[in-house]
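Each chain, written out:
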Amino acid sequence: MFVPRKIRAIVMSFVVCATMLVVPSALETPDRASAESLPPAGIVIRGHGNGHGRGMSQYGAYAWATGWPGQSPLNWDAILDFYYGGGGRTVAQVPGGESVMSTRLTVHDGRQTAVVSDTPTLSWGAFGGYSSMIARPVGRNVYDVYASNAVSCGSTTGTPSGFTLIASRATGPIDFTTANSQNPAAANPSDLVGVCEVGSPTRIRYYRGIVRATNDANGAYRTVNRVGTESYLRGVVPRESPASWADSAGGAGINALRAQAVAARSYALSESRYSFAKTCDSQDCQVYGGAALRNFGSSSVTVLEDPRSDRAVSDTANFVIQNSNGTPTRTEYTSSNGGRTAGGTFPAKADPGDIAADADRQSWTRIVSASAIQLKYPEIGVLLDVSTRHDGLGGNYGGYTTEVIITGTAATKKLTGWAFKSAFDLPAPWYGISHIATGNPADAPVGSILYVGDSVGEGITTHFQTAVVPAYPDVNYQACVGRGMAGAGCMNPVQTASLNLDGVGVVNATTTPAVAIVQLGYNDDPATFSTEVQEMMSALMSKSVQRIIFVNMSTRSATRDYARSNQVLTSLAASNPNVTVFDWNSYSGAPERWRWFNSDGVHLNLSGQPEFALFLRAQLDALRSQNLLPVSASSSHVVFGLPLAQNNRGRMVVSVQRRLNTVLKLKGSRRLPTQGIYGPSTTRNVKRFQRRVGLPATGKVDRATWDALGLGRRKSAAVLSMGTRNSAVKSVQRSLARVLKKKIRVTGVYDRTLVNHVKTYQRRAKIKATGTVNYETWTSLMMSVARLSRR
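The paragraphs below set out a description of the structure included in this document. No experiment lies behind these values; they were computed from the predicted model shown.

**Re the state of the cysteines**
Consideration 1: This structure, assessed with the given rule, holds three disulfides.
Consideration 2: Two residues share a disulfide in this structure: Cys153 and Cys196, whose sulfurs sit 2.1 Å from each other. For the disulfide bridge between Cys153 and Cys196, the dihedral angle about the S-S bond is near -85 degrees, and by the sign convention the bridge is left-handed. Separated by 43 residues along the polypeptide, Cys153 in the loop between β9 (142-148) and β10 (164-171) and Cys196 in strand β12 (residues 193-197) bring together distant segments of the chain.
Consideration 3: For Cys153, a relative accessible area of 6% gives the class buried.
Consideration 4: Each sulfur in the disulfide pair Cys480 and Cys490 lies 2.0 Å from the other.

Take a look at the structure:
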């Protein structure tokens, strides 16, 4: 995907502006702004687990059930004891037989209830023998009931066409059944009640028991399934844990399903969510899919129950985790806890079972841009820092995240670890956060970069913008599905200014970059790859590209020998000093990093995409530190606080007066007082000095005069502090007013109030709170203002 020229122009204009302000000249060695004090481009979030981490890990239960080297398989009750035992909790059977579960079917909230029967035996009260029926709400707990002899879903609102009104203003709830829907042994979906899920396409979902049209306590329309608990669990267990687990380890995996059945039963029986239903069918409660599903108009039915999970339910019939008072425990469970349970009702503990299961989301990575955080929490101003606190109960990052502190220029926002997880759709509340550093304005800008990639590159476009572009803003990003080194262009249509060309064609069709990053090869035949790479090299060298970078390929794929292609790139770099290979294959080859890849071993998932973008940033930074990336301009800047002129005041004026006394050898009555007031005598001597060194005798200290005085060599000469008066103070006042979101008078006078505002900013930016503006504070503040301007 191409980075629009408008975006690049905005980013470049900021970098040029910042460079003019704060980048040191060849004569200077000022302090560099630390990475911590500059506003970050975004954050990297690395975490463990999938779900809340409380109670049983489903993947962990599977590993405990099937065993691993050094660990024998456990029975279902032992698995449950590991996760839920203690505190007087035991595995016990519920006395009194099967209860009834009532489940809110959330997709039907606010809609009339439309049901069908494939055998026409649909009934409500004394009315029966229909193929379709609809309960249309016309008041609080009042319904018009319609029926039809044809299988039809009618409509979600309004009077249904093709239906006959069989009851007007009937008092609810309205319960629909079929002749066999309440028989637990019913095996054919056509025997059950089908509920219409209107959409594209409309679907029929079949339920055992009764389907009820009712109201909640506020009068909102609800659809509920009422069914025996054991029949309900047949629709839960295979939705929460794969039924295929039962086949693992010679059948030992069935114990994971048995443990799931008991946990789901206990959870359901402990629920009492609504006035009209005990629980719901979504992951907000526990997922319940009913018995079967088909698209309306199709004869093909997908059965959602499974004999293996049915067996797990029947094998543990009426068993629950029971509290010491004899009531079912609210047995929460999670997909993967990442190797440590979260604690809470059940003790926090290390879970070697979850580690052994090696789940795909046992560890994960996300990137969130600074702009996304600022958009969600605009009250913070410009993002400066995100830090976390943890429960301290063990594991990486200091345990599960309890609090996230987001610090901005204008305010600090505190969230629970769980709230931040929900806000940014993270897999689990166990994570740590680090910053993505912005490029330092003191570094000379790297020349233009052309990125030529395939679907792997296309998948990281957004992450590249956050992780790489802030440090390397002049990028022409060209990546598309299907692109090869030579001969294969984009498989799908592209939008201007993306190019539907092969890699060589992209190079030939674009302006000459200083750096080319070629991330291609997955769509090329390893047998001809050497020839295609030479074509690419010919195109790049004919344009005199100064640094050529190839990204090698993951060899996890079982379908092509990319190791052969990678060797071509290795040999190329060995014989060409301006060629570098970014070794993605080795970096991503560690055993646990299989989690970054989709099943094909090539394309990257939600964790692999940010990791690849971060890898590219780190590799570019390494080349930059070795001076192997061509720059587009020399390092030069305008010192903040200049020019100095008559009536200005401050420490910079003191520095000028002292230097004038030295270089002009002013003594006695001719010596300038070094009180920091730029008066007529200072002006006269500045003119005298300027004439001596051949500069225009303006009487003002501009950059050339500052350097000629030798002040450019001093790290601390440029500083604004209490008592300073000049135009730069106005810039500080205006900038602080914007980023702190405060009213600050723009006077050009550095007074006590401004000192306090500067200290506030410095504390938030993790700069020593001196109240003076030095290089580090100026750099950070100006970058914050630029970030605010681009929002």
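**Side note on the nonpolar core**
Consideration 1: Membership of the largest hydrophobic core comes to 63 residues, with the highest contact counts inside it found for Phe550, Phe612 and Leu616.
Consideration 2: Looking at this core, the element that brings in the most residues is helix α17 (residues 608-625), giving seven residues.
Consideration 3: If we skip the residues at most four places from it in the chain, Phe550 touches Met485, Val518, Val533, Met536, Met537, Leu569, Leu572, Val579, Thr580, Val581 and Phe582.
Consideration 4: Met101, Leu122, Ala147 and Val237 belong to the second-largest nonpolar core, a separate cluster that totals 55 residues.

**Remarks on the environment of Gly47**
Consideration 1: Tracing the chain through its elements places Gly47 in strand β1 (residues 42-48).
Consideration 2: Residues Gly47 and Pro429, 382 residues apart in the sequence, show an inter-C-alpha distance of 7.8 Å.
Consideration 3: In contact with Gly47, not counting residues within four places along its chain, are Gln362, Ser363, Trp364, Tyr397, Trp430 and Tyr431.

**Here's the deal with the sheet that holds strand β16 (residues 279-280)**
Consideration 1: Taken together, five strands build an open sheet; the order of strands is β11-β14-β15-β4-β16 and the sheet is mixed. Looking at which strands have only one partner, the edges of the open sheet turn out to be β11 (174-176) and β16.
Consideration 2: Here strand β14 (residues 210-215) runs beside strand β15 (residues 221-228); their pairing, made up of six bridges, is antiparallel. Along β15, the bridge assignment pairs Asn215 with Tyr221.

**Focus on the packing of helix α21 (residues 727-740) against helix α22 (residues 752-764)**
Consideration 1: α22 packs onto α21 with a crossing angle of 55 degrees between their chain directions and a minimal axis gap of 11 Å. The angle between α21 and α22 falls in the class oblique. α21 and α22 meet at a crossing whose hand is left-handed. Counting all contacts with α21, which are made through Val729, Val732, Gln733, Leu736, Val739 and Leu740, the residues of α22 involved are Leu754, His757, Val758, Thr760, Tyr761 and Arg764.
Consideration 2: Partitioned by chemical class, the residues of the contact of α21 with α22 number eight nonpolar, three polar and one charged.

**With respect to the packing of helix α2 (residues 58-66) against helix α3 (residues 76-84)**
Describing two packed helices takes the angle between their axes plus the distance from one axis to the other.
Consideration 1: Put simply, α2 and α3 touch, their axes get as near as 10 Å, and they point 135 degrees apart. Taken as axis vectors, α2 and α3 run oblique relative to one another. α2 and α3 meet at a crossing whose hand is right-handed. The segment α2 lies against α3, with Gly60, Ala61, Trp64 and Ala65 engaging Ile79, Phe82 and Tyr83.
Consideration 2: Classifying every residue of the contact of α2 with α3 by side-chain character gives six nonpolar, one polar and no charged.

**Regarding the side chain of Gln362**
Consideration 1: Relative to the helices and strands, Gln362 resides in the loop between α8 (352-357) and β21 (363-369).
Consideration 2: Leave out the neighbours within four places in its chain, and Gln362 touches Gly47, His48, Gly49, Ser336, Gly338, Asp354, Ile355 and Arg595.

**Some details on α21**
Consideration 1: Over its 14 residues, α21 extends 20 Å from the first C-alpha to the last, a length consistent with the 20 Å expected when each residue adds 1.5 Å.
Consideration 2: All buried positions along α21 are accounted for by Ala728, Val729, Val732, Gln733, Ser735, Leu736, Ala737, Val739 and Leu740.
Consideration 3: The first or second residue beyond α21 is Lys741, which carries a positive phi of 55 degrees.

**Quick notes on the pairing of strand β27 (residues 475-479)**
Consideration 1: Among the five residues that make up β27, five are buried, leaving the element largely enclosed by the rest of the structure.
Consideration 2: Side chains of β27 alternate between two faces, with Val475, Tyr477 and Ala479 and Asn476 and Gln478 buried alike.
Consideration 3: As paired elements, strand β26 (residues 449-453) and β27 share five bridges and run parallel to each other. Bridge pairing in β27 links Leu450 to Asn476.

**Structural notes on the packing of aromatic side chains**
Working definition: an aromatic ring pair is given by the centre-to-centre distance plus the angle between the planes.
Consideration 1: Summed over all chains, the structure comprises 30 aromatic pairs.
Consideration 2: Measuring from ring centre to ring centre gives 4.9 Å for Tyr84 and Phe346, while their planes differ by 75 degrees; the resulting arrangement is edge-to-face. A residue pair is termed long-range when its members are at least 10 positions apart, and Tyr84 in helix α3 and Phe346 in the loop between β20 (333-334) and α8 qualify at 262 residues.
Consideration 3: Take Tyr84: its relative accessible area is 0%, and that puts it in the buried class.
Consideration 4: Arg340 extends its terminal NZ or CZ atom over the ring of Trp430, reaching a point 5.9 Å from the ring centre.

**Quick word on unusual backbone geometry**
Most peptide bonds take the trans configuration, and most residues that are not glycine carry a negative phi.
Consideration 1: Gly172 connects to Pro173 through a cis peptide bond whose omega is 0 degrees.
Consideration 2: Of note, Pro173 is situated in the loop between β10 and β11.
Consideration 3: Each neighbour pair has its own omega, and for Thr496 with Ala497 the value is 15 degrees, a cis peptide bond.
Consideration 4: Examined against the element boundaries, Ala497 turns out to sit in the loop between β27 and α13 (503-509).
Consideration 5: Positive phi is not limited to glycine here, since Asn141 has a value of about 60 degrees.
Consideration 6: Position of Asn141 among the secondary structure elements: in the loop between β8 (132-139) and β9.
Consideration 7: A relative accessible area of 25% places Asn141 in the partly exposed class.
Consideration 8: Of note, Ala249 is a non-glycine position whose phi angle comes to about 50 degrees, a positive value.
Consideration 9: The residue Ala249 is located in the loop between α5 (237-240) and α6 (254-270) in this model.

Definitions and limits used
Residues numbered from 1 in each chain as written. Predicted model: local features only at pLDDT ≥ 70, side-chain atom pairs only at ≥ 80, totals over all residues. Heavy atoms only, no water. Disulfide = S-S within 2.5 Å. Helix = DSSP H or I, 4+ residues; strand = E, 2+ residues; numbered from the N terminus. Buried < 20%, exposed > 50% of the residue type's maximum accessible area, 1.4 Å probe, protein only. Core = buried A, V, L, I, M, F, W, Y, C linked by side-chain atoms within 4.5 Å. Contact = heavy atoms within 4.5 Å. Pairing = 2+ DSSP bridges. Axes fitted to C-alpha atoms, helices over the stretch in contact; angles between N-to-C directions. Parallel < 35°, antiparallel > 145°, perpendicular 65-115°, else oblique. Left-handed = near helix turned anticlockwise from the far one by under 90°. Nonpolar A, V, L, I, M, F, W, Y, C, P; charged D, E, K, R; others polar. Expected span 1.5 Å × (residues − 1). Phe/Tyr/Trp six-rings, centres within 6.5 Å; stacked < 30°, edge-to-face > 60°. Lys NZ or Arg CZ within 6 Å of the ring centre and 35° of its normal.

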